[in-house]
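Below are the chains, spelled out letter by letter.
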2 protein chains.
Amino acid sequence: MEKYSVIGKSLPRVDAVVKATGEAKYTADMPHSGMLHGKILRSPYPHARVLMIDTTKAERLLGVKAVITGKDITNIPHGPARAAPAPPWFKDKFALAKEKVRYIGDEVAAVAAIDEDIAEEALDLIEVEYEELPSVFDPKEAMKPDAPRIHDHAERNISAHASFHLGDVEKGFQESDLVMEEHFETQYVCHSPLEPHAVAADFSQSGEVTLWVSTQTPFFDQVVVAEALGIPVSKVRVIKPHVGGGFGGKADSNPPFPIAALLSKKAGRPVKIVHTREEEIVCTARRHPVIVEQKIGVKKDGRIMAVDSRLIANGGAYNSIGPLTIYLHGGFQNGPYMIPNFKYEGNRIYTNKPFCGPQRGHGALQTRFVVESMLDMIAEKLDLDPLEIRRKNGLKAGDITPSKFIIRSSGHIESIERASDEIGWKDKWGKLPEGKGVGIASNFFVSGAGFSFFFDNPPSHSGVNLEAKEDGGFTLFTGTSDIGQGSLTVLSQIAAEELGVSLDQIRVIAADTAITPLDFGSFSSRVTLFAGNAAKMAASRMRQILLEVAAESLEANIDDLEARGNRIYVKGSPEKGISVSEAVRAYFQEKKEPLSTKGHYNPPIDVGDASRFDKGEVNMSPTFSFGAHAAEVEVDKETGMVKVHKVAAAHDCGFAINPMSVEGQIEGSVSMTFGQALLEDFQMEKGWAMNPSFLGYKLPTAVDMPQVKSIIVESLDPEGPFGAKEASEGTNIPTIPAIANAIYDAIGVRIKDLPITPEKILKALEEN
Amino acid sequence: MEKYSVIGKSLPRVDAVVKATGEAKYTADMPHSGMLHGKILRSPYPHARVLMIDTTKAERLLGVKAVITGKDITNIPHGPARAAPAPPWFKDKFALAKEKVRYIGDEVAAVAAIDEDIAEEALDLIEVEYEELPSVFDPKEAMKPDAPRIHDHAERNISAHASFHLGDVEKGFQESDLVMEEHFETQYVCHSPLEPHAVAADFSQSGEVTLWVSTQTPFFDQVVVAEALGIPVSKVRVIKPHVGGGFGGKADSNPPFPIAALLSKKAGRPVKIVHTREEEIVCTARRHPVIVEQKIGVKKDGRIMAVDSRLIANGGAYNSIGPLTIYLHGGFQNGPYMIPNFKYEGNRIYTNKPFCGPQRGHGALQTRFVVESMLDMIAEKLDLDPLEIRRKNGLKAGDITPSKFIIRSSGHIESIERASDEIGWKDKWGKLPEGKGVGIASNFFVSGAGFSFFFDNPPSHSGVNLEAKEDGGFTLFTGTSDIGQGSLTVLSQIAAEELGVSLDQIRVIAADTAITPLDFGSFSSRVTLFAGNAAKMAASRMRQILLEVAAESLEANIDDLEARGNRIYVKGSPEKGISVSEAVRAYFQEKKEPLSTKGHYNPPIDVGDASRFDKGEVNMSPTFSFGAHAAEVEVDKETGMVKVHKVAAAHDCGFAINPMSVEGQIEGSVSMTFGQALLEDFQMEKGWAMNPSFLGYKLPTAVDMPQVKSIIVESLDPEGPFGAKEASEGTNIPTIPAIANAIYDAIGVRIKDLPITPEKILKALEEN
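Residues numbered from 1 in each chain as written. Chains lettered and ligands numbered in written order. Predicted model: local features only at pLDDT ≥ 70, side-chain atom pairs only at ≥ 80, totals over all residues. Heavy atoms only, no water.

A look at the overall build of chain A
Threshold: Counting from the N terminus, the helices are DSSP H or I runs at least four residues long and the strands are E runs at least two residues long. Atoms counted for the radius of gyration: C-alpha only. Globule rule: 2.2 Å times the number of residues to the power 0.38. Only protein chains enter the accessibility calculation, which uses a 1.4 Å probe. A residue is then buried if its area is under 20% of the maximum for its type, exposed if over 50%, and partly exposed in between. Note on contacts: a residue pair is in contact if any heavy atoms of the two residues lie within 4.5 Å. Shrake-Rupley sampling with a 1.4 Å probe provides the accessible areas, and residues are treated as covered by the protein chains on show and by no other component.
A tally of regular secondary structure across chain A gives 19 helices and 30 strands. Over its C-alpha atoms chain A spans a radius of gyration of 27 Å, differing by no more than 12% from the 27 Å that the globule rule assigns to 768 residues. When its C-alpha atoms are laid out on the principal axes, chain A stretches across 80 × 75 × 50 Å. The 768 residues of chain A split such that 66% are buried. The contacts in chain A between residues at least 6 apart in sequence include a share of 80% that link residues at least 24 apart. Roughly 25900 Å² of accessible area belongs to chain A as shown, and the carbon and sulfur atoms make up 49% of that amount.

Now the structure itself:
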């Protein structure tokens, strides 16, 4: 008999049917009685003082039910809450501008009307008097003493700063045989979920407001909306319908949420706001473009001795969660390799551009592009195989880094081997004809955050409730957000396995701040490990109760019982047993009360000294994922066009609760980062978006895609549920440097700024 | 300081604002994406065989998305499930007729279309071939051997039969000084909620169906829909929006619920069905009209020695919950007086009329009219004051009846005294000028059922979950249905009192079979005692946990602490304390897990021998309510018109959790039964409804209403939460006989069939 009945299997998702049939309701699909349509007036200036807003004409337009401006918002700035020990940063944005606008697209006023056309027309009738201010778009320019000051609190427009020094970097470089220093740059990348941000809000005169939100973080949105409206958190209810993708962009709480709530309050009717694609591209967070000066010192054998990393990120007009990004850019350099001496200076700079925040592979993707490119450059200088330098430095289970990361499991070496084998490394690397090449890069990511950044006093990081039904089914309550990644299926599989029932016996309720237990949300690749452990605990407690009931009924020793296939029976004697339904009924008969259990998860407290957080010297996560992607490319030296033939993507997810879901995550990641490597580039001129549509902003399509071979590596992590770690953001990281390294192998030129366009390749070939 | 902070106070209802503003969403108000409108084709014959149904033309009509007939329904008859120890009865109805129709209005086919007009038009296009059968409308005719047989299983058309014999009735009559035998009749009365039956169903291709239902019993509807569709109960989710009245008519699961689900399944879109007023009047359950032969034997001093009661009820075409009604008609005669010897024969008869079921005062109202009228007749013969004969026979706390009813508390005598005092009995009874009079009648009812009639293996009769929030608020999950009676406010007050927090700290979630714990529903006046006790248990457990946390924090003994005003503090030293919110946070910090508790209630098991159920010799309820209404009337002997000036209504509700709500229940009851006494009468000819609208079916309006003086009597029941018993159906019972007795006092004629119309009064005066 197989070890597991439900987990480790590629079962169809619990929401597969409703998504395939179109029955699944997304926020924009849901009608509400008396619903109005909300639209937002946005700034046409990159930097200006708002002198006067006259909404009179708009209010008089037939069909307009409410108009609001910054005056209607409380003086508590809109933005992520922050709890110790996160680095200090300002909540620097109001859902509607109060005094100044800071980028073209900044929210200025909003209208609710009986249809979208009237709302649009009303926007045109709002008169705003601006005093234009000098603006700045380049972060290095913005750091100059005479640059326009975008926020009063930010000297030299520094939005956030992080500074780590672990070990002794000077000594490390002195002891190095080779020290290399390089300059890298990355571009703006937009999240581009197929479902844009959407919200419907229904404010009751009882003082409560209910919101349906396309979000990764309903409990966080609850706080943000309460603050913007100046009402208690308990008066805000956030319900998460089906969500069509987030990728980090829906982990930030966006202005439309409190705006819809305020419009509804003023109009006395429900109000829906759905971003247009242009708004989605311009007016939500995006990935930080960064400028990195990276210095790496190594011994002759390739052993890394020291790293000195200086990063400047263009943060755009507001903070969002960007200050954390800057912290993570430093933190994530402490893997997947052992860095004995490490120094990092990161600066996030305000400019008059759209703001940047978390995006899949948050804080790790840019860094990985830099380091994995440089490892290949170093290997070449030292005449080492790129596989060898990675193996030599790779973190292993049991390691503790100078940054106090505890490596509980690592499939890093196995990932390198399996990805390189799959791509045919031995036969191809350095051996393919001119124009063809292979490359590899490794990966390192957290499985959730070790700290509560956004909640001061949560009951737990993840809570799960489980209730038994008479028919042997169970209802699982979780506050997590399935945003398309399949987390509800994974949680259901975990609970079903633990309970010994089939997957269809689990009904999941998620997420609703009034009903489901608090969960921090879907970000930092935390759900499988955090909510998974909570689900496992709840199910395990439930199982224990049912085994006790069954032991009594079967007159058997509890240790001799097994729960499997919707039955509880004596091991080895399946006929001597009762159904799970019978066990539940027996419990009801004996106890005369409902049967429910709770589970929760908090990251282990062996994380080091939290007071060292801002020194970058504290464990960031319960555990870490590893992986390696190998790419095979072909470059047309005439046109500069790159064709990626194949990506062999190995990912150490600890244990694959649902292998098909892990493969889906890997394939989605390859698509996403293949796009960032070669195609995607959000371009601006003087603060104006040049390509705010899918015509101009080039996402890869199915025909562009390389062949993807997903390789699941299972290191059976001791902290994860059944050994599982994340398979969400980590998979999104190593494709870009693998492609860059393969291009170098193919044509001998190294592109160090993204995206790798034909123009850059032709220019590099010319200069070579 | 007052004993209680939250209970015992007339606090506004928790849903007062949303109902006053119109924000509250009822089933018919709720839009659903892609929603269709359902309509039902009904039988135009009182009794006929359905030979053929051709839906071809209807299906071809543009805009029609689904047409269903009886063939689409499973062979499990629609109707209330039944669990031991209820008397046996048949589930005798299909949601759509399979072979026969049995009354004009019986469901035959149904259509879902894009609007109501097209659905109506499609009904006209359905061709049905009927073979008309002989019909019977009068129950006595229907009992004759040669009467048309309406259901194959029912010989002599007897739908249900109940037969009790407690003590020795013959001996009782022999020992009596006076034996009186009388004949009474009552009419059809319709429930007439302002919100008619309504349902929206959304069947997913995943196999699950969600229904929004205007219902008193969501968990019961869940089972009925699952049976009709042939799917597991767990695949049916019933959500109860706000409900605009039920009065017992929404405790039966109606055909539109499974019909909407089936239409949705076939159409692949949500389907809503809302009864027209005509359908609401004709095609839902109504109060049984009864014919009663009642024989009472008494001693000279008025002491009751024996009662022999024979009842024939016109059940109409189907059972509904009617067989239970027949049982209750016997059972409820064992109070509010001690009946040492009691015999009862009840027969419920099928006829080709709309079916009858539970209505407020279920099984007790008709009986009370009979007995309370006869007590006055007997008192007159014996020259006793009507108050005296009631006091002499009245049940007292500590009594156990021959039917094994345990009287844990009784405010009966106090109710008689306070109601009679309020009406000015001593100065008025027998002393008012001709044409004016006063009358009194007593009351007796259950506080919930002692048995589970509809669920075979429930976890408990009522379950409540409670979850603590960081801000010191609590979410209360209950499966009960607030149908306008204010039960959610009462449950919130109970929880708030126990927790020592203010009412606005409690948020109630109710009811949703997927989310809220199982509760049998809102019927048999059970919610305050059953769910109230469950809420009290959950809150008490929560309080204990918070007191432990506070004791530690305050370094105090737990017994010295008090929870009140959202704080926990040392008794007598309010400054030495912490807020409830602080206690919750302290729990989170210490335990690192969510804080929730559960409560449940099951009726006490000292109910006697359940196997004696069908002999009428078992305790029916955890406890019983009492009361007395006194009425003052004026009768115009020229016209026969009765004017009721005042009703003084005393009700022993044990303890008034919310006095304003109790007063509301009393006032609503007086309106409802004043209507039944004098106005309401559903009339039929040859199976056709003669007055299926509020024009012809006369509900009392505000201008008709007598002055009502609500008198709350508090007997502090040991089984009720804080002493509370029901204040829901009991209040609905004694107004009719009080008015009948007052009319006799005014003009010396006794009307023994309802309603008491001017015609009947004039005829009686003539015959006098």
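There is more to say after this.
Let's talk about the sheet that holds strand β3 (residues 64-69) of chain B
Residue and element names in this part refer to chain B. Heads up, the condition is: Strands qualify as paired when DSSP identifies two bridges or more between them. Convention adopted: a line fitted to C-alpha atoms gives each axis, helices being fitted over their contacting stretch, and angles between N-to-C directions are expressed from 0 to 180 degrees.
Taken in spatial order, the seven strands make up an open sheet running β3-β5-β1-β13-β10-β11-β12, and their pairing is mixed. Edge positions in the sheet fall to β3 and β12 (236-239), since each has one partner strand and no second. With direction set aside, neighbouring strand axes in the sheet form an average angle of 20 degrees. The strands that helix α6 (residues 218-229) touches are β10 (198-203), β11 (209-213) and β12; relative to β12, the one it contacts most, it runs at about 145 degrees.

A look at the relation of the copies chain B and chain A
Just so we agree on the cut-off: All copies are superposed by least squares; the fitting set is the C-alpha atoms of residues with a pLDDT of at least 70 in both.
Laying chain B over chain A is done by rotating through 180 degrees and shifting 0.0 Å along the axis; what remains is an RMSD of 0.0 Å. Taken together, the rotation and translation describe the operation of a two-fold axis. No C-alpha of chain B approaches the rotation axis more nearly than that of P31 of chain B, which lies at 3.0 Å. Interface residue correspondence from chain B to chain A reaches 98%, placing this contact among same-surface, isologous pairings.

Looking at the nonpolar core
To keep things clear, this is the line we draw: Buried residues of nine kinds, namely Ala, Val, Leu, Ile, Met, Phe, Trp, Tyr and Cys, make up a nonpolar core once their side-chain atoms join them within 4.5 Å.
Among the nonpolar cores identified, the biggest contains 96 residues, and V633, I739, I743 and I761 of chain A are the most heavily contacted of them. Of the residues forming this core, the biggest block, ten residues, is contributed by helix α10 (residues 365-382) of chain A. Counting 95 residues, the second-largest nonpolar core is a separate cluster that includes A162, V618, F674 and V749 of chain B.

Focus: the packing of aromatic side chains
Residues and elements named next belong to chain A. Our working definition: Between the rings of Phe, Tyr and Trp (Trp by its six-membered ring), a pair exists once the centres lie within 6.5 Å; its type follows the angle of the planes, with under 30 degrees stacked, over 60 edge-to-face, and the other angles tilted.
Scanning all chains against the criterion turns up 42 aromatic pairs over all chains. Note on Y103 and F355: the rings are 6.3 Å apart at their centroids and 75 degrees apart in plane angle, and the pair reads as edge-to-face. Residue Y103 is located in the loop between β4 (100-101) and β5 (107-113), and its partner F355 is located in the loop between β17 (342-350) and α10; the two are separated by 252 residues in the primary sequence. The class for F355 is buried, based on a relative accessible area of 4%. An aromatic cluster is present here, built from F164, Y327, F342, Y344, F451 and F613 joined pairwise through their rings.

Quick look at the environment of S253 of chain A
With respect to the secondary-structure elements, S253 of chain A resides in the loop between β12 (236-239) and α7 (256-267). Since its relative accessible area comes to 2%, S253 of chain A is described here as buried.

Brief notes about the sheet that holds strand β28 (residues 642-652) of chain B
Residues and elements named next belong to chain B. Read across the sheet, four strands follow the order β19-β27-β28-β31 without closing on themselves; strand pairing throughout is mixed. Because the sheet does not close on itself, it has two edges, and the strands there are β19 (436-446) and β31 (707-713). Across this sheet, the average inter-strand angle for adjacent strands is 15 degrees, counted without regard to direction. In this structure, strand β27 (residues 624-635) lies alongside β28, joined through ten bridges in antiparallel fashion. Bridge pairing in β28 links V633 to V644. Across the sheet, helix α17 (residues 659-678) is in contact with β27, β28 and β31; its angle to β31 comes to roughly 130 degrees.

Describing the side chain of S460 of chain A
When you line up the elements, S460 of chain A lands in the loop between β18 (436-446) and β19 (462-468). In this structure S460 of chain A touches L518, F520, H600, Y601 and N602 of chain A together with K592, E593 and P594 of chain B, once residues within four positions along its chain are discounted.

A closer look at the environment of L529 of chain A
If you trace the backbone, L529 of chain A turns up in helix α15 (residues 527-554). It is 9.7 Å that separates the C-alpha atoms of L529 of chain A and L491 of chain A, two residues lying 38 residues apart in sequence.

Things to note about a negative patch on the surface
Selection rule: Note on patches: the residues involved have over 30% relative accessible area and no salt bridge, like charges join within 9 Å, and the nonpolar side chains Val, Leu, Ile, Met, Phe, Trp and Tyr join within 5 Å. The salt bridge criterion pairs a side-chain nitrogen of Lys or Arg with a carboxyl oxygen of Asp or Glu, the two atoms within 4 Å. Asp and Glu are treated as the negative residues and Lys and Arg as the positive ones, with His and the ends of the chain left uncounted. A single reference atom marks each charge: NZ on Lys, CZ on Arg, CG on Asp, CD on Glu.
On the surface, D115, D117, E121 and D124 of chain A cluster together to form a negatively charged patch. The class for E121 of chain A is partly exposed, based on a relative accessible area of 42%.

Some details on the pairing of strand β8 (residues 178-185) of chain B
All names here are of chain B. Burial along β8 is one-sided: the face carrying L178, M180, E182 and F184 is buried and the face carrying V179, E181, H183 and E185 is not. Two elements, β8 and strand β15 (residues 290-298), share eight bridges in a ladder whose sense is antiparallel. Looking across to β15, one finds that H183 is bridged to E293.

Things to note about the packing of helix α14 (residues 487-499) of chain A against α15 of chain A
All names here are of chain A. So the rule is basically this: Roughly parallel means an angle under 35 degrees; roughly antiparallel means over 145; roughly perpendicular covers 65 to 115; every other angle is labelled oblique. Crossing handedness is defined as follows: a turn of the near helix away from the far one that is anticlockwise and smaller than a right angle gives a left-handed crossing, while the clockwise case is right-handed. Note on residue categories: nonpolar means Ala, Val, Leu, Ile, Met, Phe, Trp, Tyr, Cys or Pro, charged means Asp, Glu, Lys or Arg, and polar means any other residue, Gly included.
Packing of α14 against α15 brings their axes to within 8 Å, and their N-to-C directions diverge by 30 degrees. Classified by the angle between their axes, α14 and α15 sit roughly parallel to one another. Note that α14 runs across α15; the crossing there is right-handed. Side by side, α14 and α15 meet where S487, V490, L491, I494, A495, E498 and L499 of the first sit next to V527, T528, A531, G532, A535, K536, A539, S540, M542 and R543 of the second. Per-class residue counts for the contact of α14 with α15 are ten nonpolar, four polar and three charged.

Examining helix α12 (residues 412-423) of chain A
Residues and elements named next belong to chain A. The criterion, for reference: To estimate the expected span of a helix, count its residues, drop one, and scale the result by 1.5 Å. Directions from the helix axis toward the C-beta atoms define the arc.
The end-to-end C-alpha distance of α12, which contains twelve residues, comes to 17 Å, matching closely the 16 Å that a straight helix rising 1.5 Å per residue would cover. Among all positions of α12, only H412, S415, I416, A419, S420 and I423 are buried. An end-on view of α12 places all buried positions within 115 degrees of arc, on one side of the element. Here the buried face of α12 lies against α11 (386-393), α13 (425-428), β18, β26 (624-635), β27 (642-652) and β30 (707-713). Positioned one or two residues after α12, G424 has a phi angle of 80 degrees, which is positive.

A short note on the pattern of salt bridges
Residue and element names in this part refer to chain A. Tallied over the entire structure, the rule returns 78 salt bridges over all chains. In this structure, E116 engages K39 in a salt bridge whose closest nitrogen and oxygen atoms are separated by 3.2 Å. Note that E116 is positioned in helix α3 (residues 116-125) and K39 in strand β1 (residues 36-42), a separation of 77 residues in sequence. In this structure E116 comes out as partly exposed when scored by relative accessible area, which is 41%. R526 is the salt-bridge partner of D519, the closest N and O atoms lying 2.8 Å from each other. Judged by its relative accessible area of 0%, D519 falls in the buried class. Exposure remark for R526: the relative accessible area of 2% places this residue in the buried category. Taken together, the shared-partner salt bridges in this structure form one network comprising R42, K93, D106, E107 and E279.

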